[in-house]
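Chain by chain, the residues:
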Amino acid sequence: MLASFFDHYLPVVIYLLEFMGVVVIAITATKAFGIYLKGVLSRHIEDDQIKTDFSKGLGMSLEFLLSAEVLKTIIIQTKDELMVLGIIMGLRIIVGFLPQLMHSGGFKKPSIFKKTA
C-alpha cells in the first residue's frame, strides 16, 4: 500500500518541488536584472549587493531542487540519481556560503529586494 502511494503521488510532489525551484530562479534573476538595469541607467550600481541577493535566491531555489532530488532517491536508487543529488548538494553548499564569504569582516547592507517603509 505504501509502495503504491509512492508510485502514484510522489512523482507529483517531486515535479511540484522542481517547478517551485525553477520559479524562484526566474523571479530572482528577473529582479536582479531589473535592479542592475536601473543601476546602469542611474550610473549607480551596487554590484556586491546584487550578487549577494541573487545568490540567496539561487540558494532558496536549490533547497527546492534538493528536496525533489531526495524524494527521487526514494523511488529510484541508481548511481546516476545519487550522483545528481551529490552535485546539487555541493552547489547548495557553495551558493549558501557565498553571501557570508562576500561580506566577511564587513558590515551587512540592507537587502535591495526588501521594501523599506
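Each remark here, short or long, concerns the structure printed above.
Caption draft 1: Summary view of the overall build of the protein chain. Each helix and strand counted, the protein chain has 3 helices and 0 strands in total. In the protein chain, the succession of helices and strands from N to C terminus is α-α-α. When burial is assessed residue by residue, the protein chain has 26% of its 117 residues classed as buried. In the protein chain, of all internal contacts separated by at least 6 residues, the share reaching a separation of at least 24 is 79%.

Caption draft 2: Fine view of the side chain of Thr28. Mapped onto the elements of the fold, Thr28 is located in helix H1 (residues 2–42). Only 2.8 Å separates the side chain of Thr28 from the backbone oxygen of Val24, close enough to count as a polar contact.

Caption draft 3: Region of the structure containing a nonpolar patch on the surface. A cluster of nonpolar side chains, contributed by Phe33, Tyr36, Leu37, Val40 and Ile45, occupies part of the molecular surface with about 430 Å² of accessible area. Position of Tyr36 relative to the elements: it lies in helix H1.

Caption draft 4: Representation of the side chain of Glu18 within the structure. Position of Glu18 among the secondary structure elements: in helix H1. Ignoring any residue separated from it by four or fewer positions in sequence, one finds Glu18 in contact with Leu65, Ala68, Glu69 and Lys72.

Caption draft 5: Up close: H1. Here H1 is 41 residues long and its end C-alpha atoms lie 58 Å apart, about the 60 Å a rise of 1.5 Å per residue gives. Where H1 bends most, at Tyr9, the angle is about 40°, and the proline Pro11 comes one to four residues later. Every buried residue belonging to H1 is among Leu10, Ile14, Leu17, Glu18, Gly21, Val24, Thr28, Ala32 and Gly39, and all of these are buried. Positive backbone phi, at 60°, marks Arg43, one or two positions downstream of H1.

The rules we used
- Residues numbered from 1 in each chain as written.
- Predicted model: local features only at pLDDT ≥ 70, side-chain atom pairs only at ≥ 80, totals over all residues.
- Heavy atoms only, no water.
- Helix = DSSP H or I, 4+ residues; strand = E, 2+ residues; numbered from the N terminus.
- Buried < 20%, exposed > 50% of the residue type's maximum accessible area, 1.4 Å probe, protein only.
- Contact = heavy atoms within 4.5 Å.
- Polar contact = N/O pair within 3.5 Å; in protein donor to acceptor, adjacent residues only side chain to side chain.
- Patch = residues over 30% accessible without salt bridge, like charges linked within 9 Å, V, L, I, M, F, W, Y side chains within 5 Å.
- Areas by Shrake-Rupley, 256 points an atom, 1.4 Å probe, with all protein chains shown as cover.
- Salt bridge = Lys/Arg side-chain N within 4 Å of Asp/Glu carboxyl O.
- Expected span 1.5 Å × (residues − 1).
- Bend = angle between axes of the 7 residues up to and from the residue.

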